[in-house]
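Overview (structure and organization)
These are the residues of each chain, in order.
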Amino acid sequence: MTSRTTSARPAPGRRPGRRRTLIGLVVALVAALAPAVPPAQAAPVLLSQGRPATASSTENAATPASAAVDGNTGTRWSSAFSDPQWLQVDLGARATISQVTLVWEGAYARAFQIQTSDDGTAWTPIHSTTAGTGGTQTLTVAGSGRYVRMYGTARATGYGYSLWEFQVYGESGGTTPTCGSTNAAQGRPATASSVENAGLPASAAVDGNPGTRWATAASDPQWLRVDLGATRSICRVVLNWEAAYARAFQIQTSTDGTTWTSIHSTTTGTGGTQTLTVAGSGRYVRMYGTARATGYGYSLWEFQVNTTGGTSEPPVEPTDPRNPNLGPNTFVFDPGTPTATIQSRLNTIFIQQERNQFGPERYAVLFKPGTYTADVNLGFFTQVAGLGMSPDDVNLNGHVRAEAFWFGGNATQNFWRAAENLSVTLPAGVTVERWAVSQAAPYRRMHLRGAQNQIQLWNGGDGWASGGLMADTRIDGQVVSGSQQQWYSRNSEFGGWSGSVWNMVFQGVTGAPPPSFPNPSHTVIPQTPQVREKPFLHVDGSGEYRVFVPALRTNSTGTSWYGKTPAGSSLSLAEFFVVRPGTSAATINAALAQGRHLLFTPGVHHVTEPIRVDRPDTVILGLGLATIQADNGTVAMRVADVDGVKVAGIMFESPVPLAARPAGLKIGGVVARRRRTALVP
């Protein structure tokens, strides 16, 4: 590989032409010897070559701006030895820019932006860095404009900026977008550096109500920030000031809420209603006040943001509801799958997960409607579930069990596993099923067939267990709690119950023992005042994957399904964005902004910004105890103060100590008006 970076730079005006000529010859020779390769399909077009170029300065007459766009790798532009400096090319017409390549000489930029403009005056950054590497930098960008420039703010050497070539790729054409009149900030999440009091929150400046306002503490600086939900092209900002206005302030944009770019700045603010024509892009927009005009703080009736209507969201893939990609750790079986294949997979998962209580592995094993023979022994972070509308649509001849032999029969550490939406017929001659768990291990929407059978909630013998949940479940025979210390049964149907230690709670359960707390410790509540069962994945008769969202029930007893048709609604999986590990929070938020629901596949999902749920009735469902971990101290998920959001089957994990970590899940604002959001483990 040939490099144009020089190790020793000659004094200004004394650069030998021979070295430059030699480099050009080497490049030409390499090009001549290289095999011909057909161009890739739909390759971007080089738009800048031979176009008019200007610059903030030139080092001398031999290094003009035009040399960086002449297609000659032996000529170059270089600037004066100061910051900032820029090189600008006029493409002749508006174009969509997809790539910029900078071929630096030894004098390169440590910090620079790539900017676009429609008029050569108002510039929008489409790339920014403070860690430039020199050499050949090929940048994938997204932007549009007639003019493109490199704007350098920090040199890497004592010389100026020097480019052998400045190449802009994309597609020509397009019209200058019209600045829209829709207020992109209205109703969006807003935060502020401070509030004067609880009656003047940040949200009041973006609520569309000119009679409410945000106000700050009486100090400088202060700011108000709004999250537009996705990167937008900002063309206008309107500030409707109360009497306490800003004398000096900036309008700034950011893609991540951390690094900010100023798109308007003034030290002569007028107050009143200020309509500012700007050019910039970002997901976040803020007013950053540095000098107050009065002795009070800063106060805005309304903060409005207008855009050109386009967004720069990450691509959101569609979901095929008949053949969804549920990730590598989801295993789906149908009645045609050989029994040996199913059992081998179950055994492999259990061997790995039996003791793996702190590992990152997560698994979901799903059975389509039909009859199977299987022994399902569940270890940590494993979910088994049927894909029928009723648990009886999937029958396992065998077991669905949780044992504690790995810990000497002590089940007090048997957490984090789940059995759902299945019916189980025990093998001939066997009358005992075992679910020896201690919390975070629901036995939900299950049917253990056979009046002669029993399910034991501990490991048998002298083993201990401490806490669990049985919900929307039918046990034809007996539930025997043994040494299980505490248990919550809700909206279930039992043939009978035996045992108590500390407290056994029954709510809306038919077949519950009589209330007798504290001896025996049976707490019985006849009905459940309000409950919505957990949404679940199912496959309909045509083979389409869907998510059933149970209806809200009031004053209910018994299951939602046995001997009855479940009430609720069914959503096609095409309406969901399937989130696999490695998907960024930006992509997840882009899917939410498009109105998609979320299905998280098994694994640990790392996010560096909050997942923002702002739409009412959004469904967020996890498979295989999917876990969301915030890696930089942020809240993993924020649910706005809206009705009807359902969050189920998700674990939230923080990598920092309990005392230092933020909430994994935050619902509503500082003071939520309502929190009708269902959280189901």
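Residues numbered from 1 in each chain as written. Predicted model: local features only at pLDDT ≥ 70, side-chain atom pairs only at ≥ 80, totals over all residues. Heavy atoms only, no water.

1. Side note on the overall build of the protein chain
Helix and strand content of the protein chain: three helices and 46 strands. Per-residue burial over the protein chain gives 52% buried out of 681 residues. Considering only residue pairs separated by 6 or more positions, the protein chain has 66% of its internal contacts joining residues 24 or more positions apart. Carbon and sulfur atoms form 52% of the exposed surface of the protein chain, whose accessible area is close to 28,700 Å². (Helix = DSSP H or I, 4+ residues; strand = E, 2+ residues; numbered from the N terminus. Buried < 20%, exposed > 50% of the residue type's maximum accessible area, 1.4 Å probe, protein only. Contact = heavy atoms within 4.5 Å. Areas by Shrake-Rupley, 256 points an atom, 1.4 Å probe, with all protein chains shown as cover.)

2. Concerning the pairing of strand E7 (residues 136-155)
Inspection of the sheet shows strand E4 (residues 85-104) paired to E7 by 14 bridges, in the antiparallel sense. Bridging from a neighbouring strand, leucine 102 pairs with glutamine 137 of E7. Pairing between strand E5 (residues 109-117) and E7: eight bridges, direction antiparallel. Directly across from isoleucine 114, in E7, lies its bridge partner methionine 150. (Pairing = 2+ DSSP bridges.)

3. Focus on helix H3 (residues 585-593)
Counting buried residues along H3, seven of its nine residues qualify, which places the element largely inside the surrounding structure. Listed in full, the buried residues belonging to H3 are Ala585, Thr587, Ile588, Asn589, Ala590, Ala591 and Leu592. Elements that come into contact with the buried residues of H3 comprise strand E14 (273-292), strand E38 (576-579), strand E39 (597-600), strand E40 (604-607) and strand E41 (611-613). Phi turns positive one or two residues past the end of H3, at glycine 595, with a value near 90°.

4. With respect to the pattern of salt bridges
Per the counting criterion, the structure on display carries 23 salt bridges. In this structure, arginine 94 engages aspartate 118 in a salt bridge whose closest nitrogen and oxygen atoms are separated by 2.6 Å. You can see arginine 94 sitting in strand E4 and its partner aspartate 118 sitting in the loop between E5 and strand E6 (124-129), a full 24 residues away along the chain. Overall, the relative accessible area of 16% leaves arginine 94 in the buried class. Judged by relative accessible area, which is 32%, aspartate 118 ranks as partly exposed. (Salt bridge = Lys/Arg side-chain N within 4 Å of Asp/Glu carboxyl O.)

5. Thoughts on the side chain of threonine 618
With respect to the helices, strands and loops of the structure, threonine 618 is situated in the loop between E41 and strand E42 (619-630). Contact partners of threonine 618, with chain neighbours within four places excluded, come to Leu592, Arg596, His597, Val613, Gly644, Val645 and Lys646.

6. Points about the side chain of threonine 266
Looking at the element boundaries, threonine 266 is found in strand E13 (residues 261-266). The class for threonine 266 is buried, based on a relative accessible area of 15%. A polar contact of 3.0 Å, which involves the side chain of threonine 266, links it to the backbone nitrogen of threonine 268. Apart from residues lying up to four places away in sequence, threonine 266 is in contact with Arg247, Ala248 and Phe249. (Polar contact = N/O pair within 3.5 Å; in protein donor to acceptor, adjacent residues only side chain to side chain.)

7. Looking at the nonpolar core
One finds Phe367, Val400, Trp435 and Tyr443 to be the most contacted residues of the largest nonpolar core, which totals 38 residues. Every element with two or more residues in this core is listed here: strand E16 (330-333), helix H2 (339-353), strand E17 (363-367), strand E18 (370-377), strand E20 (394-401), strand E28 (474-480), strand E30 (493-498) and strand E31 (503-507). (Core = buried A, V, L, I, M, F, W, Y, C linked by side-chain atoms within 4.5 Å.)

8. So, the sheet that holds strand E35 (residues 545-550)
Across the sheet, three strands lie side by side as E34-E35-E37; this open sheet has antiparallel pairing. Of all the strands in the sheet, the pair left with one neighbour each is strand E34 (536-539) and strand E37 (568-572). Between one strand axis and the next, the sheet turns by 35° as a mean value, whatever way the strands run. Direction of pairing for E34 relative to E35: antiparallel, over a ladder of four bridges. If you follow leucine 537 over to E35, its bridge partner there is valine 547. (Axes fitted to C-alpha atoms, helices over the stretch in contact; angles between N-to-C directions.)

9. Looking at H2
Over its 15 residues, H2 extends 21 Å from the first C-alpha to the last, a length consistent with the 21 Å expected when each residue adds 1.5 Å. Among the residues of H2, Ile342, Gln343, Leu346, Ile349, Phe350 and Gln353 are the ones counted as buried. End-on view of H2: buried residues confined to an arc of 130°, all on one side of the axis. Exposed and oriented more than 90 degrees from the buried face of H2 are Ala340 and Ile351. The inward-facing, buried residues of H2 contact E16, E17, E18 and strand E19 (382-386). (Expected span 1.5 Å × (residues − 1). Arc of directions from axis to C-beta.)

10. Some remarks on the environment of valine 578
Here valine 578 shows up in strand E38. Judged by its relative accessible area of 3%, valine 578 is buried. Taking the C-alpha atoms as reference points, valine 578 and threonine 601, 23 residues apart in sequence, are found 7.1 Å from one another. Ignoring anything within four residues of it in the chain, the contact list for valine 578 reads Thr319, Asn325, Leu326, Leu599 and Thr601.

11. A few points about the packing of aromatic side chains
Within this structure, the stated rule accounts for 17 aromatic pairs. A connected cluster of aromatic rings, assembled from ring pairs, spans Phe358, Phe380, Phe381, Trp406, Phe407, Phe415 and Trp416. The ring of phenylalanine 381 carries arginine 362 above its face, with NZ or CZ at 3.6 Å from the centroid. Above the ring of phenylalanine 380, the side-chain terminus of arginine 417 is found at 4.6 Å from the ring centroid. (Phe/Tyr/Trp six-rings, centres within 6.5 Å; stacked < 30°, edge-to-face > 60°. Lys NZ or Arg CZ within 6 Å of the ring centre and 35° of its normal.)

12. So, the state of the cysteines
Scanning the model with the defined rule gives one disulfide in all. Residue cysteine 179 pairs covalently with cysteine 235 via a disulfide, S to S 1.9 Å. A torsion of 80° about the S-S bond marks the disulfide between cysteine 179 and cysteine 235 as right-handed. With cysteine 179 in the loop between strand E8 (162-172) and strand E9 (190-192) and cysteine 235 in strand E11 (residues 222-241), this residue pair connects regions lying 56 residues apart in the sequence. When its relative accessible area of 10% is taken as the criterion, cysteine 235 is described as buried. (Disulfide = S-S within 2.5 Å.)

13. Comments concerning the confidence of the model for the protein chain
As a general rule, the predicted coordinates of low-pLDDT regions are not to be interpreted in detail. Taken residue by residue, the protein chain gives an average pLDDT of 88. The fraction at 70 or more is 88%. Per-residue pLDDT stays below 50 along residues 669-677; that stretch engages in 14 contacts with residues further than four places along the chain or on separate chains. (pLDDT = per-residue confidence, 0-100.)

14. Thoughts on the sheet that holds strand E27 (residues 469-471)
Within a sheet, adjacent strands bond to each other through the backbone by hydrogen bonds, running parallel or antiparallel. In spatial order, the strands read E16-E17-E19-E21-E24-E27-E29-E31-E32; together these nine strands make up an open sheet with parallel pairing. The two strands at the open ends of the sheet, each matched to only one other strand, are E16 and strand E32 (522-525). As judged from the two bridges shared by strand E24 (residues 443-444) and E27, these two strands associate in the parallel manner. Paired with arginine 444 across the two strands is alanine 471, which belongs to E27. Its contacts with the sheet place H2 against E16, E17 and E19, and it is angled at close to 155° to E17.

15. Let's talk about the environment of glutamate 361
Locating glutamate 361 in the fold gives a position in the loop between H2 and E17. Exposure remark for glutamate 361: the relative accessible area of 28% places this residue in the partly exposed category. When the C-alpha atoms of glutamate 361 and asparagine 329 are compared, they prove to be 8.4 Å apart, with 32 residues separating the residues in sequence. Ignoring any residue separated from it by four or fewer positions in sequence, one finds glutamate 361 in contact with Gln352, Gln353, Asn356 and Phe381. There is a polar contact of 2.8 Å between the side chain of glutamate 361 and the side chain of asparagine 356.

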